Structures are given as C-alpha cells and as structure tokens.
Amino acid sequence: MKIVIAGAGEVGSHLAKMLSFEKHELTLIDVNDKKLEGLVNKYDLLTVHGSATSVNDLIEGRTENTDLFIAVTPYESENITACMLATTLGAVKTVARIDNHEYTHRKNIEIFQKLGIDSVIYPEMLAAEQITEALETSWQRVNISFDEDKLMVLGIKVRKGAPVLNQKFNSGFLDHARFRVVAIKRGNKTIIPKGEDELQSGDIVFFITTEENIEFVREQTGKIDRPIRDVMIMGGSRIGVKTAQYLPDRVNAKIIEQDYDRCLRITEKVHNCLVIHGDGRDLDLLQEEGLQNMDAFVAVTGNSETNILACLVAKRFGVTKTIAEIENMDYIPLAQSLDIGTIINKKLIAAGHIYQLTLDESVLNVKSLTYSDALIIEFNVKEGSKITKGNLRSMKVPDKVNFGGYIRNGAGHVCSGDTVLQAGDHVILFCYPSRIHQITQFFE
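The following refers to the structure shown. By convention here, each chain's residues receive numbers from 1 onward along its written sequence. In keeping with the model being predicted, local features are shown solely for residues with a pLDDT of at least 70 and side-chain atom pairs are shown and tallied solely at 80 or more, while totals for entire chains, interfaces and linings include all residues. Note that water and hydrogens are dropped before the side-chain values are worked out from all heavy atoms of the structure.

1. A look at the overall build of the chain
Note the following rule: A run of DSSP states H or I qualifies as a helix once it reaches four residues; a run of E qualifies as a strand once it reaches two. Both are numbered from the N-terminal end. Radius of gyration here is computed from C-alpha atoms only, and the compact-globule reference equals 2.2 Å multiplied by the residue count raised to the power 0.38. Buried residues are those whose accessible area, probed at 1.4 Å on protein chains only, stays under 20% of the maximum for their type, while exposed residues exceed 50% and partly exposed ones sit between those limits. Residues count as neighbours in contact if any of their non-hydrogen atoms are within 4.5 Å of one another. Here, Shrake-Rupley sampling with a 1.4 Å probe gives the accessible areas, and only protein chains in the shown set may cover a residue. Asp and Glu are treated as the negative residues and Lys and Arg as the positive ones, with His and the ends of the chain left uncounted. Think of each charge as sitting on NZ of Lys, CZ of Arg, CG of Asp or CD of Glu.
Looking only at helices and strands, the chain features 14 helices and 22 strands. In terms of overall size, the chain behaves like a compact globule, its C-alpha atoms giving a radius of gyration of 22 Å where 444 residues would be expected to give roughly 22 Å. Principal-axis analysis of the C-alpha atoms places the extent of the chain at approximately 65 × 60 × 40 Å. Taken across its 444 residues, the chain has 55% of its residues classed as buried. Excluding contacts between residues fewer than 6 apart, the proportion of contacts in the chain whose partners are at least 24 apart in sequence is 62%. As presented, the chain carries roughly 19,400 Å² of accessible surface, and 46% of it is formed by carbon and sulfur atoms. Between the mean site of the 50 positive side-chain charges and the mean site of the 60 negative ones, the chain shows a separation of 5 Å.

2. What about a nonpolar patch on the surface?
The line we're drawing: A residue counts toward a patch only above 30% relative accessible area and without a salt bridge, and it is joined to like-charged neighbours within 9 Å or, for Val, Leu, Ile, Met, Phe, Trp and Tyr, to nonpolar neighbours within 5 Å. In the sections that follow, a salt bridge refers to a side-chain nitrogen of Lys or Arg positioned within 4 Å of a carboxyl oxygen of Asp or Glu.
A cluster of nonpolar side chains, namely Met84, Ile111 and Leu115, defines an oily patch on the protein surface of about 250 Å² accessible area. Assignment of secondary structure puts Met84 in helix 4 (residues 76–88). The exposure class assigned to Met84 is partly exposed, which follows from its relative accessible area of 32%.

3. So, the sheet that holds strand 2 (residues 25–30)
Note the threshold: Here the rule is simple: two strands pair whenever DSSP picks up at least two bridges between them. Axis lines are fitted through C-alpha atoms, for helices just across the contact stretch, and the angle between N-to-C directions can take any value from 0 to 180 degrees.
The 6 strands lie next to each other as 3-2-1-4-5-6, forming an open sheet whose pairing is parallel. Every other strand in the sheet has two partners, leaving strand 3 (46–49) and strand 6 (119–121) as the edge strands with one partner each. Across the sheet, the axes of successive neighbouring strands diverge by a mean angle of 15°, strand direction being ignored. In this structure, strand 4 (residues 68–71) lies alongside strand 5 (residues 93–97), joined through 4 bridges in parallel fashion. Its bridge partner being in strand 5, Leu68 is matched across the sheet by Lys93.

4. Looking at the packing of aromatic side chains
Basically, it comes down to this: Only the six-membered ring of Trp is used, alongside the rings of Phe and Tyr, when aromatic pairs are assigned; centres must lie within 6.5 Å, and planes under 30 degrees apart are stacked while those over 60 apart are edge-to-face, with the rest tilted.
Here the structure, examined in full by the defined rule, presents 6 aromatic pairs. Summarising the aromatic geometry, the rings of Tyr103 and Phe112 are spaced 4.9 Å apart at their centres and angled 75° between planes, so their arrangement reads as edge-to-face. The class for Tyr103 is partly exposed, based on a relative accessible area of 23%. What makes Phe112 buried here is its relative accessible area of 8%. Ring plane angle 5° and centroid distance 4.1 Å describe the contact between Phe379 and Phe443, whose orientation is recorded as stacked. Within this pair, whereas Phe379 is found in strand 19 (residues 375–380), its partner Phe443 is found in the segment after helix 14 (436–440), the two being separated by 64 residues in sequence. When sorted by exposure, Phe379 lands in the same class as Phe443, which is buried.

5. Some words on the nonpolar core
Heads up, the rule is: Working definition of a nonpolar core: buried Ala, Val, Leu, Ile, Met, Phe, Trp, Tyr and Cys residues. They are joined through side-chain atoms within 4.5 Å.
Ranked by internal contacts, the top residues of the largest apolar core, which has 70 residues, are Phe403 and Phe443. Apart from residues no more than four positions distant in its own chain, Phe443 is found in contact with Ser362, Phe379, Asn380, Val381, Lys382, Ser385, Ile387, Phe403, Val427 and Leu429. Grouped together as the second largest cluster of nonpolar side chains are 23 residues, Met232, Leu286, Phe297 and Ala314 included.

6. Some details on the packing of helix 1 (residues 10–19) against helix 13 (residues 346–355)
Where we set the bar: Angle categories: roughly parallel below 35 degrees, roughly antiparallel above 145, roughly perpendicular from 65 to 115, and oblique for all the rest. Throughout, a crossing is termed right-handed when the near helix is turned clockwise from the far one, and left-handed when it is turned anticlockwise from it by less than a right angle. Side-chain classes follow a simple rule in which Ala, Val, Leu, Ile, Met, Phe, Trp, Tyr, Cys and Pro form the nonpolar group, Asp, Glu, Lys and Arg form the charged group, and the remainder, Gly included, forms the polar group.
Across the interface, helix 1 lies against helix 13 with an axial gap of 9 Å and an inter-helix angle of 45°. Regarding the angle of helix 1 to helix 13, the classification is oblique. You can see that helix 1 and helix 13 cross each other, and the crossing is right-handed. Contacts from Glu10, Val11, His14, Leu15, Met18 and Leu19 of helix 1 reach helix 13 at Lys347, Leu348, Ala350, Ala351, Gly352, Ile354 and Tyr355. When the residues that make up the contact of helix 1 with helix 13 are grouped by side-chain class, the tally is 9 nonpolar, 2 polar and 2 charged.

7. Comments concerning the pattern of salt bridges
The tally for this structure, following the rule as stated, stands at 17 salt bridges. Where Arg141 meets Asp339, a salt bridge forms, and the shortest distance between an N and an O atom there is 2.5 Å. In this pair, Arg141 sits in the loop between helix 6 (123–134) and strand 7 (142–146) while Asp339 sits in the loop between helix 12 (332–337) and strand 17 (342–344), placing the two residues 198 residues apart along the sequence. Across this residue pair, the class does not change: Arg141 and Asp339 are buried. Between Asp339 and Lys157 there is a salt bridge, with its nearest N and O atoms 3.1 Å apart.

Given below as structure tokens:
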C-alpha cells in the first residue's frame, strides 16, 4: 500500500513507526526538517521537507494515486485542505485530524465526504471515551469492551498477596476457561507470556474474560471493588468537557478550571456537573471542594507535569482512582513508576485508530495501549481462511502473538490451545506491531 502522512508530530511519528514494520511505500511530509531527519534514520520511509498544503510538495511526496493520505498536522484547517488537495491529485482514501466535535456528526461527515475527505478523527473524543471506560471501576486500569461486553480486556496492576502471583503458566493454575492472560507489562517491558513465565507483584496484567467472570478476575487479583460515584476533573479542556458529558447520571462530577471565560462556556455545554473557577494546583481549594472524599481524580490540563503532580496529590489525599493525560510520551514511564492509575495519551489513541485503515478488511478493530507496546486486534474469521484449518495449538503462529478470546453466535469464549475457530467468529488477540503482517495471513 502507498501511504502518505502529512505531519511528523507524535501522531504521525507513531504511525510511521507502526507502519514501518510492514511492506508499505511510506512517505512523511513536514515543515520541520529536524523531525524528519530523526525518523528517516530509524525507519524505512521517504521524507519530504515541505507543506501539506503545497501542491508541489504533495506531488513530490507521491500523493498522486496514493492508496491512503493521512493529514495529522497540529492544524485542523491545514489537514482539511491537504486532504481535499490529495483527493484532487488522485488519492484513493483520505483521513483528516480535526479539533471540532461538530464535524463528527453524521450529516457533517457526509459533507466532508463530498469534499473528498473519507474519514475524520477527533483525538479528544477518543481520549474522553477511554477515560469514561477507565472510570467504570476503581480496580481496573484498562477496561476495553468488545461487542457490548461479550468479551472484555482488563488491565490490572497485581500486588503482593494476590492468588495469581508466582504461578507459572505451565503449572496448570491458569489453565481454565474463565480468563486468559494475554500480556504482561513489567517495568518498561511488554511480555507475551509463555509456559515458564509467571506473574510477579507490581506487574500490569492484561486479562481477557467474559462479563460473568469479571468478579472472578477481581478475586484472583486480590482487588477490592469500590464504586465510583464522585469524580473531580482538573482542567476544562476539550477532553475534560467530553468526559463530563459521557459520564453516567449516577456519577457526581466537578470540573475545576482556571480560566473564568472558559468556565462560563463549559456550564453551557455540561449540565450534569459542577463547574468551579479556580486553580487546580491550589491545595486549599482542592480540600475545600472535597478532594479527600472523591472516588476518582482526572487530570486533563494541557500540561503533562501538572497532571502527574496533581494525581500524586490526589493519591496522598486517599483518592483510589487517578487518571492523567500525558501528552509528552517521555513522561509515560515516569508516570507508570509513580503508580498513577490510568495514563491517557490522545496521540497514541489516534494513531492506533488510524492504523486500522491500513489493514486488511478482516481487521475489525485495533486498540493501541498507552501501557503496552503490543496492540489489541479484533479479526473477523473468513470462510476457508487458514486459521480455521485446525486448532490453535497446531497453528504455527509467530512469537509475540497471543490469542485471547472469540465471539461466536453472540457469546464470548476464552481461547485455549484446543480452540478451533470458525467462519464468522470475531477473534481478539494481542501482538506486537512487527507481527501484524504475518498474523493477518492466517485470516486471508
């Protein structure tokens, strides 16, 4: 596939990294020559030092008749214009990053399609959706649902005393159909477990399970379920506002925002929470507003350092669940080591969402996790595909791949070595980006 990416920021750079593992003709366009130099030395791609809205630069970047044109510069208007130009030049499909939620409405999407823009992506909305999922429970760091909770991926930090600790996978202790461990994050390393591996205290463990077995997962990981009813959101950013709008009615929310005019605008958009004008870094204000009584604290200001420190303060006040938006990816390992509950990076989320467009039609869903180098991928099993020719144990799948579960006839099931997949199944697996091309061949 011929792919052109306009914008070498964190979204574009992460996409380039993911796509470089596959056999694509990849071109990256940006006005910042230093960003391009850093990427061309690491990955197999062509770079063009130029503007996404320059016809000459787009032609130099091989936009004519490209299969997929992705505009992810920091500027919405530039992305829209670039996609329109790319379509005129013959691009088959275009994607634009936007900053206006209004553009995601169905009637407006149709307008964009008439202009030659096939898809729009709003990272703040995706981030807010992920925060809302994380606020479902206090004891899970990641909560991803497939097909209305038929299967669920749960990311949980397992601590000393949990029954699942120090149990080797080949011991048989974890060999049952109630859940499956598909990946382990230990320090800065992501592990796709094998027989000799075991879970250790401090690991972030990714389980796949069915809704009726969530309580069993909680018991096995030694967690206590504390309902989340009171949430404090620090920062009236677009992510903060969308999160407040997505929260269920049972949750009482407060937004603390330093800018008075923005507070007024927020009150017009959000009707189910209290908007407080003040500095979220003011400890006296936080205490006055009842931080010590909150079940969850969400920090989504535009400053990563502020968000990290605010979550640490919340933990000191006894808040069970903390969520921080961290835009500087260099800070993510630091935030993990400081035991912040859930880390959100809208650029990684957006990159994973766009990446799905580059894959085979058998791929239904792709999730890029902040905590892990691995991806969660949902495949549709086609009639006659290689994966249906025997049980999973007999399939010579590449390493760094782990089958988690499958949905058949509206019911979720956990995979085992004896599982034989059938046409029409939806399969959820974990794998490294470098293995996607190899594993896709099993579903063709």
